[in-house]
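Descriptive analysis of the structure
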Amino acid sequence: MLSRLSEWFWNERLWFPEGLGWADLEDRDGLTYAKASDLWVSLPIALAFLIIRQIFERTVAIQLAAALGVKEKVRPQAAHNPTLESYFRITSKNPKQGEIESLGKKTGYSESQIHRWFRRRRNEERPNKLKKFKEEMWAGFPMLTLLPSQYWYYMIELGFYMSLLFSVASDVKRKDFKEQIVHHVATILLISFSWCVNYIRAGTLIMLVHDASDYLLESAKMFNYAGWRKACNYIFIVFAVIFIITRLVIFPFWILHCTWVYPVTVYPPFFGYYFFNGLLFVLQCLHIFWAVLILRMAIKFLPGNNIVEDERSDREETDTEDDEEEQEDRKNGPVQNGHSPLNNNHHRKTE
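Per chain, residue numbering runs from 1 following the sequence as it is written. Reporting of local features is limited, given that this is a predicted model, to residues whose pLDDT is at least 70; pairs of side-chain atoms are given and counted only at 80 or more, and all residues count toward the totals for whole chains, interfaces and linings. Neither water nor hydrogens contribute to the side-chain values; these are computed over all heavy atoms in the structure.

1. Focus: a nonpolar patch on the surface
Heads up, the rule is: For patch building, the residue pool is restricted to those with more than 30% relative accessible area and no salt bridge; the joining distance is 9 Å between like charges and 5 Å between nonpolar side chains (Val, Leu, Ile, Met, Phe, Trp, Tyr). In these tables, accessible area is a Shrake-Rupley quantity obtained with a 1.4 Å probe, and a residue counts as shielded only by the protein chains included in the view. Any Lys or Arg side-chain nitrogen found within 4 Å of a carboxyl oxygen on Asp or Glu counts as a salt bridge. Strands are runs of DSSP state E lasting at least two residues, helices are runs of H or I lasting at least four, and both sets are numbered from the N terminus onward.
Among the surface-exposed residues, Tyr234, Ile237, Val241, Ile245, Val249, Phe253 and Trp254 lie close enough to one another that they form a single nonpolar patch of about 750 Å² accessible area. Tracing the sequence through the fold places Trp254 in helix H12 (residues 229-261).

2. A look at the UniProt feature "transmembrane region" (unreviewed entry) in the protein
Operational definition: UniProt positions are given in the numbering used here, feature names are shortened, and annotations may be inferred rather than shown by experiment.
Per the UniProt record, "transmembrane region" (unreviewed entry) is found at residues 151-169, 231-254 and 274-295. Taken end to end, residues 231-254 comprises 100% helix and 0% strand; its first and last C-alpha atoms sit 32 Å apart. Annotated as 100% helix and 0% strand, the span residues 274-295 places its first and last C-alpha atoms 31 Å apart.

3. A few points about empty space enclosed by the protein
Here is the rule: Residues are called lining when one of their atoms sits within 4 Å of a cavity or pocket point, these points coming from a 1 Å grid over the protein atoms alone, where a cavity is a set in which a 1.4 Å probe fits but cannot get out and a pocket is an open set with protein on both sides within 12 Å along at least five of seven lines. Grid points are joined across faces, edges and corners, and a volume is the space filled by probe spheres set on the points. Polar here means any residue other than Ala, Val, Leu, Ile, Met, Phe, Trp, Tyr, Cys and Pro, which are nonpolar, and Asp, Glu, Lys and Arg, which are charged; Gly is therefore polar.
There is about 140 Å³ of room inside the largest cavity. Residue lining of the largest cavity: 15 residues in total, with Thr187, Leu190, Ile191, Ile206 and Met207 positioned closest to the centre. Mapped onto the lining of the largest cavity, the elements with two or more residues apiece are helix H9 (148-166), helix H10 (177-196), helix H11 (200-226) and helix H13 (271-298). Sorting elements by how many residues they give to the lining of the largest cavity places H10 first, with five residues. Grouping the amino acids of the lining of the largest cavity by side-chain chemistry returns nine nonpolar, five polar and one charged.

4. Focus: the pattern of salt bridges
This is how the line gets drawn: Throughout this description, buried means an accessible area under 20% of the type-specific maximum (1.4 Å probe, protein chains only), exposed means over 50%, and partly exposed covers the range between.
Enumeration over the complete set of coordinates arrives at five salt bridges. Between Glu85 and Arg89 there is a salt bridge, with its nearest N and O atoms 2.7 Å apart. With Glu85 and Arg89 both in helix H5 (residues 82-91), this residue pair falls four residues apart, about one helical turn. A salt bridge links Arg121 to Glu85; the shortest N-O distance between them is 2.9 Å. Of this pair, Arg121 sits in helix H7 (residues 111-125) while Glu85 is found in helix H5, placing the two residues 36 residues apart along the sequence. Pair check on accessibility: Arg121 and Glu85 agree, each one buried. Where salt bridges share partners, they join Glu85, Arg89 and Arg121 into one cluster.

5. A word on the packing of H11 against H12
What describes two packed helices is the angle between their axes and the distance between those same axes. The condition is simple: For helices, the fitted line uses only the C-alpha atoms of the stretch in contact; every axis is such a line through C-alpha atoms, and the angle between N-to-C directions lies from 0 to 180 degrees. Relative orientations are named as follows: roughly parallel for angles under 35 degrees, roughly antiparallel for angles over 145 degrees, roughly perpendicular for angles from 65 to 115 degrees, and oblique for any other angle. With the far helix as reference, a near helix turned anticlockwise by less than a right angle produces a left-handed crossing, and one turned clockwise produces a right-handed crossing.
In the contact formed by H11 and H12, the axes pass within 8 Å of each other and the chain directions differ by 165°. With respect to H12, the axis of H11 lies roughly antiparallel. Viewed along their axes, H11 and H12 form a crossing whose handedness is left-handed. Partitioned by chemical class, the residues of the contact of H11 with H12 number 20 nonpolar, six polar and three charged.

6. Points about the packing of aromatic side chains
Stated precisely, the cut-off is as follows: Pairs were defined over the aromatic rings of Phe, Tyr and Trp, the Trp ring being its six-membered one, requiring ring centres within 6.5 Å. Orientation was assigned from the angle between planes: stacked under 30 degrees, edge-to-face over 60, tilted for the rest.
Taken as a whole and assessed by the stated rule, the structure comprises 22 aromatic pairs. For the ring pair Tyr273 and Tyr274, a centre distance of 5.1 Å and an interplane angle of 75° mean the geometry is edge-to-face. On the basis of relative accessible area, Tyr273 is assigned to the buried category, the value being 7%. Feature note: the residues Phe193, Tyr199, Phe271, Phe275 and Phe276 constitute an aromatic cluster, connected by ring pairs.

Structural data, given as structure tokens:
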């Protein structure tokens with residue numbers, strides 16, 4: 001069974017144009033070509049990225065955040081309540097009116113207290129600022145010789161995206177969480193596939209286009225959290241310009257043209273051709289999605305806006321209504337157990 005599946009998976013007709021195959025990628029005459037077995041190297045690199053990231057977040061990032069003035073605000077904690085906690089984790093984080101009434105009967109809480117409990121509990125799930133701070137193409141195909149720099153660029157890039165996918169469960173959950181998952185999976189498949197069939201030149205250009213702007217956005221967010229508004233805004237402007245040029249101009253009109261239009265003038269279309277370009281079109285759809293978010297963020301540069309926020313991040317719910325709710329609770333009298341379990345002598349107003 002496994003042998004048949006392996007034979008089907010590595011069928012040359014799936015990976016190469018007619019007349020070409022794996023034998024064409026065997027090393028000879030002192031020339032080295034990419035091999036599928038090389039991809040195993042990316043696994044220890046991915047593990048190394050995960051270890052380095054944990055060390056960085058627990059040591060360097062904390063000190064750097066303190067140096068830049070990134071301060072954490074104290075959030076009111078939701079009182080321990082097994083009934084509400086169970087409902088929050090298993091059923092819903094946003095109970096409806098009928099469910100709130102039912103929970104009130106079970107816990108003895110008033111509706112305003114239940115609303116407050118769930119609001120505070122949802123805020124506990126959201127990342128704080130400190131957590132955010134720490135986050136010629138076809139000539140000679142497929143006989144394209146491999147440079148040492150290309151080998152390590154591929155392995156490090158693949159290891160990096162694999163580490164992102166491995167750590168997704170512990171990372172900050174932003175509004176584009178699902179899109180990020182699709183992006184990481186598509187990227188890993190693209191890098192792996194382009195390596196196996198020796199699309200080395202195309203793959204290198206695609207990775208360079210994507211790497212050109214990413215570090216600028218992370219830098220802008222770090223300065224944002226540190227309160228360095230002008231530095232954040234200037235870096236974000238540069239990021240937005242580079243992102244639009246690389247993702248919405250160079251990538252679709254140059255890169256995709258080289259992978260979608262030109263190859264069919266040399267070889268007849270084959271499965272690998274459609275698979276590779278299909279993944280590239282998925283990335284382009286994500287580029288458009290993120291471009292919309294970037295434009296929404298750019299609106300904040302208009303007069304009266306002093307900060308650029310990450311549109312992908314959930315905004316923290318506030319407790320500005322807590323005082324009014326507590327006053328209402330006092331008017332209505334104590335709850336069934338004789339006191340409010342949400343009273344907090346250290347109650348503070350959050351953003």
